[in-house]
Structure formats: structure tokens, C-alpha cells
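Here's the letter readout for the chains.
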Amino acid sequence: RRSSRTQRTANPGPKSWSARPRALCCLSVGRRRKTRARGTQERRRAPQAMAALQRCLVACAVATALNPAARKLTARRAVVAPVTEVKPDDASVAKEACEVPPFNKVMAANRAEIAVRIMRAGTELNMATVGVYAMEDRNSAHRWCADQSFLLPARDTPVGAYLDPKSIVDIAEREGVEAVHPGYGFLSESPELARLCGERGITFVGPTVENLLSFSDKVSARKMAIAANVPVVPGTDNALDTAQEARAFAEEFGLPVMIKALMGGGGKGMRIARTLDEVESQFESAASEALAAFGDGSCFLERYVEDPRHVEVQIVGDGNDVVHLWERDCSVQRRHQKVVEIAPAWNLNDGLRKRLQDDAVRLGKSAGYKNAGTVEFLVDVKSDEHFFIEVNPRIQVEHTVTEEVTGIDLVQTQFRIAAGASLRELGLIQQDIKPRGVAIQCRITTENPERDFAPDAGTLAVYRHAQGVGMRVDGVGYTGMRITPYFDSLLVKYTARAATW
């Protein structure tokens, strides 16, 4: 423990990950916290079940070694083992690929709910996990869900600590991290973070730098969609620098228009202008919000489609092939931010559903897409047309509903593809990917309805989860948790699943 806030802090534990039983570390879920006057020690304690299982395995090995009959049987089996070469099928290849941990040590370069989700996947894959946190986030649950956690250097704002790729990569390199998962938001679409990881010999768990350059910039993504013959909403061909340019576009193509940030997502940097006077003021507002959230205030314009449905297709690629994991309906939104997500999309005719899926896969293949991503569309209900919006080259907040209906763990899949596995090795064959039932996700946020749902701060006096069959909980809440005003208001995600709508 060191006194300086800018220096690292780590959870006490074994001197190295190899000190823990490799085959049993996935059972190491017990944890106690012991608070002392000068700090908090976070320890991993193996539960009694783990110790009992270890003793049982040792006893079985000793019994086999001491039993002459068992030794003879083992030797005989080794002698008569067939030598005929058998060509592995897709199932055996997938099983073999899933038995080896993709990496030894991984970092979740994010905070709160998604960082915990990444760490859970890491633990399930028998990998050591590393977390990072800002000083204002020191009581967040993602800090102690990691095997090690390190304080990020302070920046101008608390959010700024998570937006510095160099600080994150420096910590990863110093601590022997083999792969960095960016989650969603923050640096998840940053070509700079991916490039820095590559230069330091660290794997970026996400698309390639080329993919990020193509799709994290929404104007570039539009051009890619047009080249792949995917329909797009009429809009500007390039980012606009001034509000006057935005007004000129609106005068030429008509109103209303949608002003959108070039980078990022989550509804930030998006405004609707219905009059020419609103275009300039809304452009300035969107640019300012985008600059604060993503470090880039560039914006572009599109024609605004009235009362559309928002449908997105989950894709996964290995750089050579791309498959879709069906689609999600994200039409229930507030301030252009998704609130409720449904998979598969409900009440879509089969022809439209097929066109959406085919366009998403075709766009991904044209880009040589690698890892997980989402292709988003607007669906005009009146005309039965669909228009490309953007590609989110990262994991999405709403990935849980896709996992529930397909049975495919997307975060684990991201790690395995980043380690070099192909879709075939993972058993991701398009004709075998079928949805099972229906899943709905709802986001629970810390907001004040009396202040137009503005983010709220305070202490959670009581925190209890809903439980039951078909209920999944992804979150970081706990009784006594202090909610700060510095970060996103998302607290927990509930995903309900059943056989039918």
C-alpha cells in the first residue's frame, strides 16, 4: 500500500496467478472484506467446496497410482489405442478450442457493470483479471471483482481518467496483461487504444484498427454501407465543422434533420432540429456534448425519419467470415438512448427480417470484420423500408438478450476470437444459430423523475434484486453504495427470458 493517490494499488493475494490451482480457479468465488483503519484489504478465500474437491482429486490420483489393476488397465488401454486418423468434425474442433484459456491475464479497461461482466467472463475462462478505477470510483464494485485493481492517474474530470489510452496501456504492460477488453463507451471504439495495445504486444479484444477507423467514424461507416449496397438515410457525406454548414444542408435537403456525433453512441451528441433556427443551436449543443463524452465534437447530419423502429443485428466475425446472431428491437428509447431491448425483434415479417440480417452480414464481410459488432437500422413501418444508421464496433449494453436467446456467450467469444480462434473452431455455423424463446432487457438507472430524469446522487439505503426462473441480473448495486454524479446513471440491467412473448 502506498500513500500517493497517483501510485498503484493492488488487491493482496498470491504473488502470482500460478500459485493458485489452475484447474480449480474457476471455483474461487468466495470473498471476504476486512476493513482496517489504514485501508481495505481485499482477499480471495477458496470456499470449503473447493478444498474438498481438491482433496478428492488428489485421493483419486493416489488410489490409481497404488492400484496394480488400475495401472495394468491404463497401460493396456495405452497399448491398444487406435492409430487410425479421424478427421475432426465441427463439434470436436469447437470443444478443443474452448478447453484452453485464451489468455493468462486480461484487463477490463472500463468501469461498473460492463467491467464486472468482462471479469466474470475472464474468471469463467480461467484467466486472471485486472481492473482500473478513477479515484472518484474507488468504491465501485468493479474494483474488488478483479483479482487486481489499479488506480488511474487523475485527469481534468473523473471521466477523463477512463479516456486516456496511454495510462491504461502503461498499467497493462507493467502488470503483464496479455489482452485488454474495452467494454462499451469510453475507449471502446478508439483506434488509438487498439494501436497502442498492438505496439506494446498486448491484444486488443475488439475489431482491428482498420475496422475501428472504418466504423467508429459514422460518416466513414455510411460510405462503407453505400459501397456494400446497403440502403442509408440521406445525409452529409462528411463531418461538418460549423453550425452554418449544418444550416446550409437543412436549407437544401429540408427539415426535420438529425444532428449526430461522429464518434461514440448511447444517445449522446444527438439532436433533432425541426426549424432552421434550431439547426444552429442544436448543432452547437450536440458538438459540445460529444466533445465532453468522446473527446471529439465533430458532427454530421441526416434526414430525420419520423416514428421509425430501431432494429439492430448482432454480428460476429473472425476476419474471414461473418455470422449474425439474429436481431434486437431497441425502439423504446428516451432522449435517443435505449431503455428496453427485445430479442428477437418482435412483429417483423420474415422478408424484412431476412433483408436486415443479410445486409448486416454483407457489410461485415465487405470490411473483413473481426470480433463482435452491431449493425443498426431504422425501419420505416409505413413503407416497410430499412435504412442503415451505423455500426457499433464493440460489445453493446443490450448484448444480454442475444446471449439469452442464442445460448452464446458473446464476451467469452470476443476473448477467443481475439486469441485467434475461427468461427468454425467456436462452433459458430450460421445454420446452427437459432433463437430460443424471447428475452427482454430493462435498464435500471439512478435518476430523478422530478427533475426530468436527470442523473441523481446519494446513498442506496436498501438494495434487493428481483429473482426467479428466467431472470438475469447484471449490475453493481449494493446496500450502502454511494452514487456519485460523475458517471453514467446505469445501475443494473434486468433480462427476463421465456419461451414465448
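Residues numbered from 1 in each chain as written. Predicted model: local features only at pLDDT ≥ 70, side-chain atom pairs only at ≥ 80, totals over all residues. Heavy atoms only, no water.

Observations regarding the nonpolar core
Part 1 of the argument: Core analysis: the largest hydrophobic core is formed by 32 residues, its most contacted members being Phe103, Val316, Val323, Leu325, Phe415 and Leu428.
Part 2 of the argument: Secondary structure elements with two or more residues in this core: β3 (105–108), α4 (112–124), β12 (322–334) and α14 (410–418).
Part 3 of the argument: In this structure, Val130, Val132, Val169 and Ala194 belong to the second largest nonpolar core, which totals 26 residues. (Core = buried A, V, L, I, M, F, W, Y, C linked by side-chain atoms within 4.5 Å. Buried < 20%, exposed > 50% of the residue type's maximum accessible area, 1.4 Å probe, protein only. Helix = DSSP H or I, 4+ residues; strand = E, 2+ residues; numbered from the N terminus.)

A short note on the packing of aromatic side chains
Part 1 of the argument: In total, this model carries 7 aromatic pairs according to the counting rule given.
Part 2 of the argument: Between Tyr162 and Phe487, the aromatic rings sit 5.9 Å apart at their centres with planes inclined by 80°, giving edge-to-face as the arrangement. Placement of the pair is Tyr162 in the loop between β5 (148–151) and α6 (165–174) and Phe487 in the loop between β21 (482–483) and β22 (490–498), with a sequence separation of 325 residues.
Part 3 of the argument: Using a relative accessible area of 1% as the deciding quantity, one classes Tyr162 as buried.
Part 4 of the argument: A relative accessible area of 9% places Phe487 in the buried class.
Part 5 of the argument: Taking the centre distance of 6.5 Å and the plane angle of 80° together, the rings of Phe377 and Phe388 count as edge-to-face. Of this pair, Phe377 sits in strand β14 (residues 370–380) while Phe388 is found in strand β15 (residues 385–392), placing the two residues 11 residues apart along the sequence. (Phe/Tyr/Trp six-rings, centres within 6.5 Å; stacked < 30°, edge-to-face > 60°.)

Quick look at the pattern of salt bridges
Part 1 of the argument: Here the structure, examined in full by the defined rule, presents 39 salt bridges.
Part 2 of the argument: Among the ionic pairs, Arg120 bridges to Asp474, the shortest N-O distance being 4.0 Å. Of this pair, Arg120 sits in helix α4 while Asp474 sits in strand β20 (residues 471–475), and the two are 354 residues apart along the sequence.
Part 3 of the argument: By relative accessible area, which is 34% here, Arg120 ends up partly exposed.
Part 4 of the argument: Since its relative accessible area comes to 5%, Asp474 is described here as buried.
Part 5 of the argument: A salt bridge links Arg247 to Asp277, with the nearest nitrogen and oxygen atoms 3.9 Å apart. Here Asp277 lies in helix α11 (residues 276–294) and Arg247 lies in helix α10 (residues 243–253), a separation of 30 residues in the sequence.
Part 6 of the argument: On the basis of relative accessibility, which here comes to 24%, the residue Arg247 falls in the partly exposed class.
Part 7 of the argument: Within this structure, Arg117, Arg120, Glu124, Glu403, Glu404, Asp409, Arg472, Asp474 and Arg497 form a network of salt bridges that share partners. (Salt bridge = Lys/Arg side-chain N within 4 Å of Asp/Glu carboxyl O.)

Description of the sheet that holds β5
Part 1 of the argument: Read across the open sheet, the 5 strands follow the order β5-β4-β3-β6-β7; overall the sheet is parallel. Here the strands that pair on one side only, and so sit at the sheet edges, are β5 and β7 (203–204).
Part 2 of the argument: Taken together, the 3 bridges between β3 and strand β6 (residues 179–181) define a ladder with parallel strand orientation. Looking across to β6, one finds that Met107 is bridged to Val180. (Pairing = 2+ DSSP bridges.)

A few points about unusual backbone geometry
Part 1 of the argument: Here the amide bond leading from Leu255 into Pro256 is cis, since omega sits at -5°, within 30 degrees of zero.
Part 2 of the argument: By secondary structure assignment, the location of Pro256 is in the loop between α10 and β8 (257–261).
Part 3 of the argument: A cis amide bond links Ala343 to the next residue, Pro344, at an omega of -10°.
Part 4 of the argument: On the secondary structure map, Pro344 appears in the loop between β13 (337–343) and α12 (350–366).
Part 5 of the argument: Despite not being glycine, Phe186 shows a phi value in the positive range, around 45°.
Part 6 of the argument: Residue Phe186 is classed as partly exposed on the basis of its relative accessible area of 21%.
Part 7 of the argument: With phi around 55°, Asn347 is a residue other than glycine that occupies positive phi space.
Part 8 of the argument: Note on placement: Asn347 falls in the loop between β13 and α12.

Section: the confidence of the model for the protein
Part 1 of the argument: Across the protein, the average pLDDT comes to 84, with 80% of residues at or above 70.
Part 2 of the argument: Residue range residues 1–48 is modelled with pLDDT below 50. Its contacts to residues more than four positions away, or to other chains, number 82 contacts.
Part 3 of the argument: pLDDT under 50 marks residues 58–86. Its contacts with residues more than four places away, or in other chains, come to 4 contacts. (pLDDT = per-residue confidence, 0-100. Contact = heavy atoms within 4.5 Å.)

Observations regarding a nonpolar patch on the surface
Part 1 of the argument: On the surface, a cluster of nonpolar side chains totalling about 360 Å² of accessible area is made up of Trp346, Ile440 and Trp501.
Part 2 of the argument: One can find Trp346 in the loop between β13 and α12. (Patch = residues over 30% accessible without salt bridge, like charges linked within 9 Å, V, L, I, M, F, W, Y side chains within 5 Å. Areas by Shrake-Rupley, 256 points an atom, 1.4 Å probe, with all protein chains shown as cover.)

Quick word on the side chain of Thr400
Part 1 of the argument: When you line up the elements, Thr400 lands in helix α13 (residues 399–406).
Part 2 of the argument: On the basis of relative accessibility, which here comes to 0%, the residue Thr400 falls in the buried class.
Part 3 of the argument: One polar contact links Thr400 to Thr495, side chain to side chain, over a distance of 2.9 Å.
Part 4 of the argument: If we skip the residues at most four places from it in the chain, Thr400 touches Gln441, Arg472, Asp474, Lys493 and Thr495. (Polar contact = N/O pair within 3.5 Å; in protein donor to acceptor, adjacent residues only side chain to side chain.)

Brief notes about the pairing of β13
Part 1 of the argument: When you tally the buried positions in β13, you get 5 out of 7 residues, the bulk of the element.
Part 2 of the argument: In the sheet, β12 pairs with β13 via 4 bridges, with the strands oriented antiparallel. The residue of β13 that forms the bridge with Gln333 is Lys338.
Part 3 of the argument: The hairpin turn running from β12 into β13, its antiparallel successor, is 2 residues long, and Arg335 in that turn takes a positive phi close to 55°.

Focus: the sheet that holds strand β16 (residues 438–445)
Part 1 of the argument: One open sheet accounts for 8 strands, arranged β15-β14-β11-β12-β13-β16-β22-β20; its pairing is antiparallel. Taken across any chain shown, the strands that pair with only one partner, and hence form the sheet edges, are β15 and β20. For this sheet, the mean angle separating the axes of adjacent strands, direction not counted, is 25°.
Part 2 of the argument: When strand β11 (residues 309–318) meets β14, the two strands line up antiparallel, connected through 10 bridges. What sits directly across from Ile315, in β14, is Gly373. (Axes fitted to C-alpha atoms, helices over the stretch in contact; angles between N-to-C directions.)

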